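# Inside the fold
Listed below, chain by chain, are the residues.
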Amino acid sequence: MTHPDLQADVLVVGGGLGGVAAALAAAERGARVVLTEEHPWIGGQLTSQAVPPDESAWVERFGVTARYRALRDGIRDVYRRSYPLTDAARSWDALNPGAGWVSKLCHEPRVAVAVLEEMLAPWRSAGRIRLLERVRPTAATTDGDRVTSVTLTPVSPGDGTGADEVVTVHAAFVVDATETGELLPLTGTEYVTGFESNRETGEPSAPDEAQPDNVQALSVCFAVEHVDGDHTIDRPERYDFWSTYTPGPWNGRRMLSWEAPNPRTLAMDVRSFTPNPGDDARAVDADQSKNPGDGNLWTFRRIAARDLFAPGHYASDLCLVNWPSIDYFLAPVLDVPRDVEEARIADARQLSLSMLYWMQTEAPRPDGGTGFPGLRLRPDVMGSADGLAQAAYHRESRRLRAVTTVTENDVSYAVRGDRGATRYDDSVGVGMYRIDLHPSTGGDTYIDVASTPFEIPLGALLPQRVTNLLAANKNIGTTHVTNGCYRLHPVEWNIGEAAGHLAAHCLATGRTPHAVQSKADLLADYQDELVRAGVELRWPAEAHPY
C-alpha cells in the first residue's frame, strides 16, 4: 500500500499536555514540527480524559513553567471574557470556575482545548507546526540506534474528523508524548512495565520480585448535572457484574458505593454525595496538603460552580466523576493485543456507566431515600456521543530504560527527610505531588508516600541506547512507585517542554541529546535556554515537603 510521506525536523507523537508543550517549544526555536493526536481533542489528561489539573499547593506562585502558567492564565481569561461571571467571581484573582477541592483551577475541559488551540495557532499558520488529527502510530523504522520514521494510521477514516490516509513521517528527532509509551515497542526502545523488584530499585515499597503486569488502575471519567426529571440511563450490560464486585482493597465491601479505602490509612471511608449543596464557592481552599477535599464527592472535582455565574446560566453545578469507584484494575492494557486492549477499555467504560446507573437507581441519599434519577450525563461537556470522556485516563505508561531512573529513594520524605529530594546537575524542571498510587492490576491497594519537592533530570527523558527518541509524558525514567508523583499535569507539561527545547537545541547546534546531558558545558548552554524560556530548574527555599 502506498501512502504519503512527510518530512519534519521534529515529530511529536501524542497531543496531550507533554506533546503540545514539546511542539510549542520546538517551533518557537525554529524547528518544523509534526504533531499528532489520536482523540478529537488535544490536551490529553486535561481535556479528552477530563481530569482537572493535579498541582502543588504553590502553583499560583512558583513551581511551573512560564508556558504552563500562560495556559492556566488563558483558561481564566476565557471565563472572564466570555462567561457571565458574578462581579465577585470576576474580580477573584485566583478564579476557580468549578470551586472544586482537588484543584485551584477546576474547569470545563473544552475551555482548555480552546486555549491550547490558541497557543498552537500562530505556529500552525506559519507552517511550523502541522497537526495530524485522529491518527495513531502503528509502525516505525530504525537505522541502528536511530528512529528514522513513524507510520500513523487514521482512527476513523472517512468520518470527517481527521486524517483519511496512512502517513509516514520522517524526522531528525522523534518525541514520544503518547499516554502509554506507544513508540517504545514500535521502535524497539528498551522499556519496563509494571512494578520493578526491590532488588533492582532498592525501593522500600517495591516487591521482592518484578511484576511487569502490575499496573495502576485506569479510569473513564464523565460529567453529570442534577436537574429535574428522570434521566436514568439504560441498565449497562455489565451491571450485574460491577454492582456485586468486591475487590480486595475494598475489604469485602462493594465497589459501587460511597465507600472506598482511605489512601493513607487503607481503612474504609464513607464519602457523602450532595448535589448542588449551595456552598460558598469562594470559600473553597483547594489545597490537598491541608484537606483532601473528597468528603462530598459532588464538590471534590466539580468543574462548574453555578453560584459563580449569573443566575440561571447553569441549571446545576457540573460534577466530574473521577472517584475510586470507577478505577478499572481487573487486567492491564499494556502489551496486550489491540483487540484485548479495546475490550478491557470497553469494560472500564461499562464500569463507569454502572457507577452512574447505581447512583441514579440505588445510591443512598441524605434524606434516607435511594437513587438520584435527576443525575444527567453531559455529552456536550465531554465532547463525546455517550457522555463519557473521549479517552481513558491512564495513570501508568510503559517507561524508558533511561539514562537516569528516579526511584522512591530519590523523592520519599521518609527516606530523604530534610535533605530534600535528590538534586540533579541536569535538572530540566521541577514538580511536586505525593507518591499517589491507585489500586493496581496485581491486586495491590493504594500506596501513598509523602514526597519532597523534586527535580526532573534530563537523563530520565533519554533512552540508554536510542539516540534521537525523547520521552515527553509518563514514559520517562521513573519506577512504578515514582510514576505516582511524576505523572501529573504540570510535570508532564514541563517534561514535554524540556524535550521540545532539547530537540530544537540539538538541531541548531549539531549536538546529540546524550552529549548535552553528559557534558557540563553543553548542558549549561541548554539549561540557560530553558531558564530564558521560563523553566524553573530548582525549587525556592520556601518549598517544603507535605
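A quick note: this is a predicted structure, and the numbers were derived from the prediction, not measured.

## Remarks on the nonpolar core
Of all hydrophobic cores here, the largest spans 163 residues; its most connected members are Leu71, Trp258, Trp323, Met359 and Trp493. Shared between two domains, this core holds at least three residues of each, these being domain 1 (5–52 + 107–195 + 395–533) and domain 2 (218–275 + 316–394). Setting aside residues up to four positions removed in sequence, tryptophan 493 forms contacts with Leu17, Gly18, Val20, Ala21, Leu24, Thr65, Arg67, Tyr68, Leu71, Leu116 and Met119. Counting six residues, the second largest nonpolar core, distinct from the first, contains Phe62, Val430, Met432 and Trp539.

## Regarding the side chain of arginine 398
Secondary-structure assignment places arginine 398 in the loop between strand E16 (393–394) and strand E17 (399–400). Taking the relative accessible area as the measure of exposure, arginine 398 reaches 9% and is therefore buried. In this structure the side chain of arginine 398 is engaged in a polar contact, spanning 2.8 Å, whose partner is the backbone oxygen of threonine 180. Among the polar contacts listed, one links the side chain of arginine 398 to the side chain of aspartate 335, at a separation of 2.8 Å. Not counting residues within four places of it along the chain, the set of residues in contact with arginine 398 comprises Thr180, Gly181, Glu182, Leu184, Pro185, Tyr191, Val192, Thr193, Leu334, Asp335, Lys474 and Asn475.

## Thoughts on the domain arrangement of the chain
When its domains are assigned, the chain resolves into domain 1 (5–52 + 107–195 + 395–533) and domain 2 (218–275 + 316–394). With 35 residues of domain 1 at the interface, the matching set in domain 2 holds 30 residues. Across the interface of domain 1 and domain 2, roughly 2800 Å² is buried in total on both sides, 55% from carbon and sulfur atoms. Between domain 1 and domain 2 we count four salt bridges in total. The partner of arginine 398 in a salt bridge is aspartate 335, with the nearest N and O atoms 2.8 Å apart. Here domain 1 is connected to domain 2 by twelve residue pairs in polar contact (both at pLDDT 80 or more).

## Comments concerning the packing of aromatic side chains
This model, assessed by the stated rule, comprises 21 aromatic pairs. With a centroid separation of 5.4 Å and 25° between ring planes, the pair formed by phenylalanine 241 and tyrosine 245 is classed as stacked. Using a relative accessible area of 31% as the deciding quantity, one classes phenylalanine 241 as partly exposed. Pairwise contacts between aromatic rings join Trp258, Phe273, Trp298, Trp323, Trp358 and Phe372 into one cluster. Stacked on the ring of phenylalanine 241, the Lys or Arg arginine 238 has its end atom at 4.3 Å from the ring centre.

The rules behind these values
- Residues numbered from 1 in each chain as written.
- Predicted model: local features only at pLDDT ≥ 70, side-chain atom pairs only at ≥ 80, totals over all residues.
- Heavy atoms only, no water.
- Core = buried A, V, L, I, M, F, W, Y, C linked by side-chain atoms within 4.5 Å.
- Buried < 20%, exposed > 50% of the residue type's maximum accessible area, 1.4 Å probe, protein only.
- Domains from an automatic or database assignment.
- Contact = heavy atoms within 4.5 Å.
- Helix = DSSP H or I, 4+ residues; strand = E, 2+ residues; numbered from the N terminus.
- Polar contact = N/O pair within 3.5 Å; in protein donor to acceptor, adjacent residues only side chain to side chain.
- Buried area = accessible area lost by both parts, 1.4 Å probe.
- Salt bridge = Lys/Arg side-chain N within 4 Å of Asp/Glu carboxyl O.
- Phe/Tyr/Trp six-rings, centres within 6.5 Å; stacked < 30°, edge-to-face > 60°.
- Lys NZ or Arg CZ within 6 Å of the ring centre and 35° of its normal.

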